[in-house]
Structures are given as structure tokens and as C-alpha cells.
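Remarks on the overall topology
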Amino acid sequence: MVSDFAHVASNLQGVLSAISREAAALGRSTPRLVAVSKTFPAEAISEAYKQGQRHFGENYIQELISKSESLKAECPDIKWHYIGNIQTNKIKQLARVHNLAYVESIDSVKHAVTLSSALSGSTNKLNVFLQVNTSNEEGKGGVNPDAAAETAKEIVQSAPNVTLAGLMTIGSLLESRRDDQNADFLRLVDTRKKVAEALQIAENDLELSMGMSSDFLIAIKSGSTNVRVGSSIFGNRVYKN
Ligand SMILES: *Cc1c(COP(=O)(O)O)cnc(C)c1O
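Small disclaimer: the values here were computed from a predicted structure and weren't measured.

1. Let's talk about the UniProt feature "modified residue: N6-(pyridoxal phosphate)lysine" (unreviewed entry) in the protein chain
Feature annotation in UniProt places "modified residue: N6-(pyridoxal phosphate)lysine" (unreviewed entry) on K38, given in this structure's numbering. By secondary structure assignment, the location of K38 is in the loop between β1 (32-36) and α2 (42-50). Overall, K38 belongs to the buried group, its relative accessible area being 13%. K38 has contacts with G57, E58, N59, Y60, E63, K67, R237 and Y239, leaving out every residue within four places of it along the chain.

2. Remarks on the nonpolar core
In terms of nonpolar packing, the biggest core is built from 63 residues, with V103 and L115 touching the most fellow members. One finds A101, F129, A165 and M168 within the second-largest nonpolar core, a separate group that totals 5 residues.

3. Quick word on the site of the ligand
Near the ligand, the surroundings consist of V36, K38, N59, I83, I170, M212, S213, R228, V229, G230, S231 and R237. At 2.8 Å from an oxygen atom of the ligand is found a main-chain nitrogen or oxygen belonging to G230. S231 places a polar main-chain atom, nitrogen or oxygen, 2.8 Å from an oxygen atom of the ligand. If the ligand stood free it would expose 390 Å²; the protein chains cover 90% of that surface. Of all the cavities here, the one that holds the ligand is the largest pocket. In terms of residue class, the shell around the ligand is built from 5 nonpolar, 4 polar and 3 charged.

4. Topic: the layout of surface pockets
Of the volumes computed, that of the largest pocket is approximately 570 Å³. Taken together, 28 residues make up the lining of the largest pocket; nearest its centre are K38, N59, I170, M212 and R228. For the lining of the largest pocket, the per-class residue count stands at 8 nonpolar, 14 polar and 6 charged. Considering only enclosed or pocket space, the second largest pocket measures out at about 180 Å³ in volume. Lining the second largest pocket, in full, are A95, V97, N99, L100, A118, L119, S120, S122, T123, N124, K125 and L126. Class assignment of the residues belonging to the lining of the second largest pocket gives a composition of 6 nonpolar, 5 polar and 1 charged.

5. Quick look at the side chain of E207
Tracing the chain through its elements places E207 in strand β7 (residues 207-209). Among the polar contacts listed, one links the side chain of E207 to the side chain of R32, at a separation of 2.9 Å. Engagement of the side chain of E207 in a polar contact is seen with the side chain of T225, the distance being 3.0 Å. Sequence-distant contacts of E207, that is, excluding residues within four places in its chain, are made with R32, Y102, F129, A165, G166, L167, T225 and N226.

6. A closer look at the pattern of salt bridges
Per the counting criterion, the structure on display carries 12 salt bridges. Two residues, R54 and D77, come together in a salt bridge whose shortest N-O distance is 3.6 Å. In this pair, R54 is assigned in the loop between α2 and β2 (55-58) and D77 in the loop between α3 (61-70) and β3 (79-82), connecting sequence segments 23 residues apart. Taking the relative accessible area as the measure of exposure, R54 reaches 25% and is therefore partly exposed. Owing to a relative accessible area of 40%, D77 belongs among the partly exposed residues under this scheme. Of the charged contacts, one joins R178 and E175 as a salt bridge, the two residues approaching to 3.0 Å between their closest N and O atoms. The exposure class of R178 is partly exposed, given its relative accessible area of 30%. Connected through salt bridges with shared partners, the residues R54, D77 and K79 form a single ionic network.

So, how was this worked out
- Residues numbered from 1 in each chain as written.
- Predicted model: local features only at pLDDT ≥ 70, side-chain atom pairs only at ≥ 80, totals over all residues.
- Heavy atoms only, no water.
- UniProt positions renumbered as here; feature names shortened; annotations may be inferred.
- Helix = DSSP H or I, 4+ residues; strand = E, 2+ residues; numbered from the N terminus.
- Buried < 20%, exposed > 50% of the residue type's maximum accessible area, 1.4 Å probe, protein only.
- Contact = heavy atoms within 4.5 Å.
- Core = buried A, V, L, I, M, F, W, Y, C linked by side-chain atoms within 4.5 Å.
- Near = heavy atom within 4 Å.
- Polar contact = N/O pair within 3.5 Å; in protein donor to acceptor, adjacent residues only side chain to side chain.
- Areas by Shrake-Rupley, 256 points an atom, 1.4 Å probe, with all protein chains shown as cover.
- 1 Å grid on protein atoms, 1.4 Å probe; cavity = no way out; pocket = protein on both sides within 12 Å on 5 of 7 lines; lining within 4 Å.
- Sits in = over half its atoms within 2 Å of the grid points.
- Nonpolar A, V, L, I, M, F, W, Y, C, P; charged D, E, K, R; others polar.
- Points joined across faces, edges and corners; volume = space filled by probe spheres on them.
- Salt bridge = Lys/Arg side-chain N within 4 Å of Asp/Glu carboxyl O.

Here you go:
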């Protein structure tokens, strides 16, 4: 029987080659692709895994838990990225997810500290990104760009079991429709400069997670090292209820 997710393999190859073509044209190393699999079944993920894809992103804790459990045997080398809103009372569950590699949506010192304590006793540090609300939209996750440096510094000082790998942003829908540049991405680049200064590290020691299906090429132009692409790989999402 032909899999319902046969399109995933060819979509994935298309996205991967667009990413590497863009990076090569810019003389940069190829950004990491996080395949955002939210709402799609485990079968779609294993289809991409068979093609060599290892990093997958999920937005909902419950969904991440059940997929990570059901794919444990089939995809032993999978690397999960949590990219959804964080609630303090779900952090313990999040910390226990099998093969969790990145939490991209840390947006407060408190969440970082809680996550760090939930990880105590584990051998490897967990990579986190500090989410920045570059578009300054109400109701959107992330710290204000002006607060990012101070927040980053406190996270580094007070959350020993996590590694601050970089900054993440989602950006506004309006900016994502522009095909010349994206002001939110430029704001994240600028914010990284300030965070690196505050931490006394090189800018390149901090990754930038930005770019989705509609704007990952512009994100790469702006310096993204981690793009999060969902619908261009898996298809359009259908939300229940
Ligand atoms: C859903 C989602 C994506 C992927 O969006 P697409 O437009 O489907 O590529 C990326 N990042 C976050 C935080 C998301 O929630």
C-alpha cells in the first residue's frame, strides 16, 4: 500500500535543497531544518525520518509526549524541539520527554530555572532558545527585545542545567508576506548583538531560530541558523474542534 504521506519525502527534499542552495549562494553553512510536525500523525514523521530528517518540532506538550513515546523504537535518533507556549505546571512533563534536544520557547527566567531544576540529575545539558517578541504583538510569546540581554544573563547565571543556544522569534504575519526583507528578523539579529555583548561572547556563539514555510529563505538571508518549516513539508494543517 502506498503511504498517505508519500508527498512528505519529495516536499522534504525540495525544502532541503532550497535551504542549501540559499546558504551556498550566501557562502554560509547550511542551517538546521526543524520539520514542524504538529497536528500530523507519527506516520508522517517516520516518513521524513526515513529520508534522513532528524530534528522535529512540536507545539503541544501532550502531543509531543505521545509522539515521542510511539516513535521511540522506530526513530531512535530523533531530536525533538519544543516550540510551543510554556506553562509552568507542564515543565516537569516536558523535561522527561524522550530525546528532547531543544526547548525553543523559553521566555522567562522563571521557566528556565524551573526547567533546569526538573533536569537535575540528567547527564547532558538541554539546549534552549530565548524567545523574543520582535513584532511586539500582544498575546504573542517572547520577551521584549529590550529585556532580552538582561533575561539571557539571568538564565545563564541561574539555570545551570540548560545551555542558552540562541534566540528564537516567530515574527508577524505581515512581515512574513514581504519578499524583500523582514523587519522582525532584523530585530532578532540586532537583539543577538546586545545579548552577546551582555554575555561577553561572540555573536556567532548564539544561534538564530527564525523562518517558517513562507519566509525561511529571507530568514536565511538575515542570518538564521535554524529554520522551522511545517506546512511546506507535511501539507496544510487541519485543526480539530
Ligand atoms: C507551526 C509553527 C511553525 C511552522 O509553520 P509553517 O508555516 O507551517 O511552516 C514554525 N514555528 C512555530 C513556532 C510554529 O508554531
